[in-house]
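Per-entry structural report
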Amino acid sequence: MKHAEEYRDGRLARALAARIARAAAPAARYHFMEFCGGHTHAIARYGIEDLLPGNVRLIHGPGCPVCVLPVGRIDAAIRLAERAEVTLCSYGDLMRVPGSRGTSLLRAKAAGADIRMVYSTLDALRIAEAEPKREVVFFAIGFETTTPPTALAIRLAADKKLKNFTVFCNHVLTPSAIQNILESPDLRELGCVRIDGFIGPAHVSTVIGAEPYAFFAKEFEKAVVIAGFEPLDVMQSILMLINQVNEGRHEVENQYGRAVRRQGNERAKADVAEIFELRKSFEWRGLGVVPYSGLRLKSSYAAFDTERRFGIESVSTSDNVACECGAILRGAKRPTDCKLFGTVCTPETPMGSCMVSAEGACAAHWAYGRFRDRAREVS
Amino acid sequence: MSVSGDDSIIRVGRVDFGGVVKEINLAYTPEAQRGDYVLVHVGFALAVIDEVEAQRTLAYLREIAALDVAHADTAP
Amino acid sequence: MIPKTYRRKLDIRNGRVELSHGAGGRAMTHLIADIFYEALDNPWLRRGNDQAAFDVAGGRMVMTTDAYVVSPLFFPGGDIGALAVHGTINDVAMAGAQPLYLSASFILEEGLALADLKRIADSMGAAARTAGVPIITGDTKVVERGKADGVFISTTGIGVVPVGLDLSADKARPGDRVILSGTIGDHGVAVMSRRQNLSFETEILSDTAALHDLVAGMVEAGCRSLRVMRDPTRGGLAATLNELAQQSGIGFRVSEEAVPVKREVAAACELLGLDPLYVANEGKLVAVVAPDAAEAVLAAMRAHPLGREAAIIGEAAADEHRFVQMTTAFGGGRVVDWLSGEQLPRIC
């Protein structure tokens, strides 16, 4: 497929790896955080870490929207789905996320709740149109990439004057996540986490553009390179980040020029601004409460807001005490630092969100990277 | 591959993913025309791929590969 | 005047399965005659007994059974009937055995269109005839609407193993080569392309096929150097490699570039967020072969229509952790783990 295969060429990968090895100053250590589910997945699936020198370390940040969705919201969704009149529509990733007490959407479905997996918001809308007697609830999650599709579905629902379609909105904002991490005690005071730069998210940036990152680059003096999600894109971006650090620069560079424009996607941004507004605060699994980080529907669209229609109360529920998802999402710990990893917590029996989503750091490590742990143990 | 529908928010394209064809909503890429490549996410096209930029990236990558070969040849 | 015996033929065009078709009475006899006997016709069925008798050659026999519950019933390249015949023949063949006979048992849902049932039965008859393995006995039950997904089919197969051949999953040894008979992911994607909510236009056909003829050639070429064969159905190639690794107490080292995947299948998987390694196949096999015979077995496979794209994809290695490791086309390494739960499309 054009515009995909060229960026997976093994020969070019080796060349880039050699260039990176030469660029990385031997005495220096580089730490780069990515917070894009697509990047976490690509890095694991293509084994990119094997091609990097030992002093360049990649940290997985909170780029997986499934992972940062608080338990209370999953529980609320399950409760909704258990209502006889409700048809809950959800993206595939959410189906196995553990709620409290071992529940999940998949388990609720097995017990009889009308839960349907959809590929797109428009599928949910189609169901609402086809089945007017059902109360269709779309479980909306995601960063800025999935928000415009939700906005469009709501616009269409409004145009068609649908009475049985609402959205359970859990959309969150990327810059807020970055800020939260950069301001966290781990980073600022304790020095547990060192971040020299960010690999900027691929899809999110096509919507929000390059501008929002300028603030972080300047204020926190971090290098930022927006990267495509193919493996060569990631490697080229790492090279660009190393160069920035070596040269003492902290700018926003765009490696993904073929899809990301500086101003992003104006139409998408406009649609989102029309329908959504900021919540004063929103709880993130692992990060706690983060101010101005989540979206909800404006009152003019109240008719399509699940929370208003059903009076949802979100209860703050904590994860298993030993679960280190929070620290892992912030980049303070690695999956292997968590006592539950590989023992109680496995892909079949996930305890926390990092293991459930294919893009979670723990799931990615389990699925692709465990053989490196063994190698390290031996040597 | 083909675009149908006038109303901008339900403008739909048939997109070829390397042999698999699916209908994708083009509301957020109003400038997309037949023959363009688009970035798709959850059934929506979010960006039209800029060919010029793409070529620039590929050229850079290939240059690195060529230089690497040269470097390897001259390495001690 | 004595009226001639008259029996109205089943209305296959518009009729549906009713509970009376499973009650053991006249309706059931007619259903079996007009649909099953008609489609599967052979000397045993013509005798109309509850069992089928046949002579046994001396030696070692294998027996296998499987149930088929695929939805939808019809998909590009095949249907539940073809699967039921090919799948069980293949399980017999994986032991290196020559398949002899099949039995078939049907659980029909009240309301299933007779036209669909006939299509399925005809498909099974054709598959059995092409493979040279007749369905010699069977059973039919009908359950109420909603208690079965159209139809569930269970088939049992028997075969005879060549003298001296003892293939088993615990026989792989470090250094053995792993050979895959062809492209992976075709069947799973073909089925998904027909499912609701995941529809897309595609030319991908299920690879459902009977492999016993291909296997016969492999057994001849490889003899005692063949360790084990398995067909990667549910869970895909990944599941099969992990199963064999576990049972033999070894690991595998596989090369991604060597694993054949059709371009359209790769594209569909990418679109849906699936990994072809985990997608079901119904006409492929994995063989573990001692190094001395690997090339000969590969050549025998490539000479057969069902093995044209056969390839050596890796080898067994000593590994106390029993990891299946893959070198990606990109150059890095990754583990190929078991499938967790049901493969859900990655969206975000």
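Our next topic: the overall build of chain C. Counting secondary structure elements, chain C contains nine helices and 13 strands. If you line up chain C on its principal axes, its C-alpha atoms span 85 × 55 × 30 Å. The buried share of chain C, reckoned over its 348 residues, is 51%. Considering only residue pairs separated by 6 or more positions, chain C has 85% of its internal contacts joining residues 24 or more positions apart.

Strands pair in a sheet through their backbones, by hydrogen bonds, and they do so in one of two ways: parallel or antiparallel. Residues and elements named next belong to chain C. With respect to topology, seven strands assemble into an open sheet ordered E8-E10-E7-E11-E9-E12-E13, the strand pairing being mixed. Two strands close off the open sheet at either side, each with one partner strand: strand E8 (226–230) and strand E13 (333–335). Ignoring which end each strand starts from, the neighbouring axes of this sheet average 25° apart. Where strand E9 (residues 251–255) meets strand E11 (residues 311–317), four bridges bridge the pair, whose relative direction is antiparallel. In the sheet register, arginine 253 faces E11, and the bridge partner there is glutamate 315. Helix H6 (residues 212–222) rests against E8 and strand E10 (286–289) of the sheet, and its axis sits at about 165° to E8.

Listed by partner, the interface residues are 38 residues for chain A and 22 residues for chain C. Contributions of two or more residues to the side of chain A that touches chain C are made by helix H1 (10–23), helix H2 (37–45), helix H3 (65–68) and helix H17 (361–378) of chain A. Here the side of chain A that touches chain C gets seven residues from one element, more than from any other, and that element is H17(A). A per-class count over the side of chain A that touches chain C returns 20 nonpolar, seven polar and eleven charged.

In this section: the pairing of strand E6 (residues 151–161) of chain C. Each regular strand shows side chains that alternate between the opposite faces of the sheet. All names here are of chain C. The pairing of strand E1 (residues 60–68) with E6 spans nine bridges and is classified as antiparallel. Its bridge partner being in E6, aspartate 66 is matched across the sheet by threonine 155. Strand direction decides the pairing type here: strand E4 (residues 98–109) and E6, joined by ten bridges, are antiparallel. Paired with glutamine 98 across the two strands is valine 160, which belongs to E6.

Our next topic: the interface of chain A and chain B. Counting from both sides, the interface comprises 31 residues of chain A and, opposite them, 26 residues of chain B. For the side of chain A that touches chain B, the elements supplying multiple residues, two or more each, are H1, helix H7 (147–159), helix H10 (202–208), helix H12 (231–246) and helix H13 (266–275) of chain A. Looking at the side of chain A that touches chain B residue by residue, the class counts come to 15 nonpolar, nine polar and seven charged.

Another aspect to go through is the nonpolar core. C:Met124 and C:Val151 are the most contacted members of the largest nonpolar core, which has 262 residues in total. Excluding its chain neighbours within four sequence positions, the residues that come into contact with C:Met124 are C:Ala39, C:Leu40, C:Gly81, C:Ala84, C:Val85, C:Ala104 and C:Ile135.

Residue and element names in this part refer to chain A. Interaxial distance between H1 and H12 falls to 10 Å at its minimum, and their mutual angle equals 15°. Considering their axes alone, H1 and H12 lie roughly parallel with respect to each other. In this structure, H1 meets H12 at a crossing whose hand is left-handed. Touching Leu12, Ala13, Leu16, Ala17, Arg19, Ile20 and Ala23 of H1 are Pro231, Leu232, Met235, Gln236, Ile238, Leu239, Ile242, Asn243 and Asn246, all from H12. Its residues assigned to classes, the contact of H1 with H12 shows twelve nonpolar, three polar and one charged.

What follows deals with H12(A). All names here are of chain A. The end-to-end C-alpha distance of H12, which contains 16 residues, comes to 23 Å, matching closely the 22 Å that a straight helix rising 1.5 Å per residue would cover. Extensive coverage of H12 is indicated by the burial of 14 of its 16 residues. One or two positions beyond H12, positive phi appears at glycine 248, with a value near 65°.

Turning our attention to the environment of A:Ser316. Residues and elements named next belong to chain A. Within the fold, serine 316 resides in the loop between helix H14 (306–310) and helix H15 (325–329). Classification of serine 316 as exposed rests on a count of 10 C-beta atoms within 10 Å. In this structure, the C-alpha to C-alpha distance between serine 316 and arginine 194, residues 122 residues apart in sequence, is 30 Å. What serine 316 contacts, discounting residues up to four positions off in sequence, is Gly72 and Glu283.

Many analyses report the size of an interface as the accessible area lost when the parts associate. Residues and elements named next belong to chain C. Partitioning chain C into domains gives domain 1 (19–161) and domain 2 (177–335). Distance between the C-alpha centres of domain 1 and domain 2: 27 Å. With 18 residues of domain 1 in contact, the opposing surface of domain 2 contributes 23 residues. For the side of domain 1 that touches domain 2, the elements supplying multiple residues, two or more each, are helix H3 (80–93) and E4. With seven residues, H3 is the single largest residue contributor to the side of domain 1 that touches domain 2.

Take the pairing of strand E7 (residues 177–180) of chain C next. Residue and element names in this part refer to chain C. Side chains of E7 alternate between two faces, with Arg177 and Ile179 and Val178 and Leu180 buried alike. Two elements, E7 and E10, share four bridges in a ladder whose sense is antiparallel. Bridging from a neighbouring strand, valine 178 pairs with valine 288 of E10. In the sheet, E7 pairs with E11 via four bridges, with the strands oriented antiparallel. Note that in E11 the partner of valine 178 across the bridge is glycine 314.

This next bit is on helix H4 (residues 114–131) of chain C. Residues and elements named next belong to chain C. Taking 1.5 Å as the rise per residue, H4 with 18 residues should run 26 Å; its terminal C-alpha atoms sit 25 Å apart, in good agreement. Along H4, the positions that sit buried rather than exposed are Leu114, Leu117, Ile120, Ala121, Ser123, Met124, Gly125, Ala127, Ala128 and Ala131. Following H4 by one or two positions, glycine 132 has its phi on the positive side, about 75°.

Another aspect to go through is the environment of C:His321. All names here are of chain C. Its place among the elements puts histidine 321 in the loop between E11 and strand E12 (324–327). Judged by C-beta crowding, with 12 C-beta atoms within 10 Å, histidine 321 ranks as exposed. Separated by 86 residues in the primary sequence, histidine 321 and glycine 235 place their C-alpha atoms 20 Å from one another.

Conventions we followed
Residues numbered from 1 in each chain as written. Chains lettered and ligands numbered in written order. Predicted model: local features only at pLDDT ≥ 70, side-chain atom pairs only at ≥ 80, totals over all residues. Helix = DSSP H or I, 4+ residues; strand = E, 2+ residues; numbered from the N terminus. Buried ≥ 20, exposed ≤ 12 C-beta atoms within 10 Å, placed from the backbone. Contact = placed C-beta atoms within 7 Å. Pairing = 2+ DSSP bridges. Axes fitted to C-alpha atoms, helices over the stretch in contact; angles between N-to-C directions. Nonpolar A, V, L, I, M, F, W, Y, C, P; charged D, E, K, R; others polar. Core = buried A, V, L, I, M, F, W, Y, C linked by C-beta atoms within 7 Å. Parallel < 35°, antiparallel > 145°, perpendicular 65-115°, else oblique. Left-handed = near helix turned anticlockwise from the far one by under 90°. Expected span 1.5 Å × (residues − 1). Domains from an automatic or database assignment.

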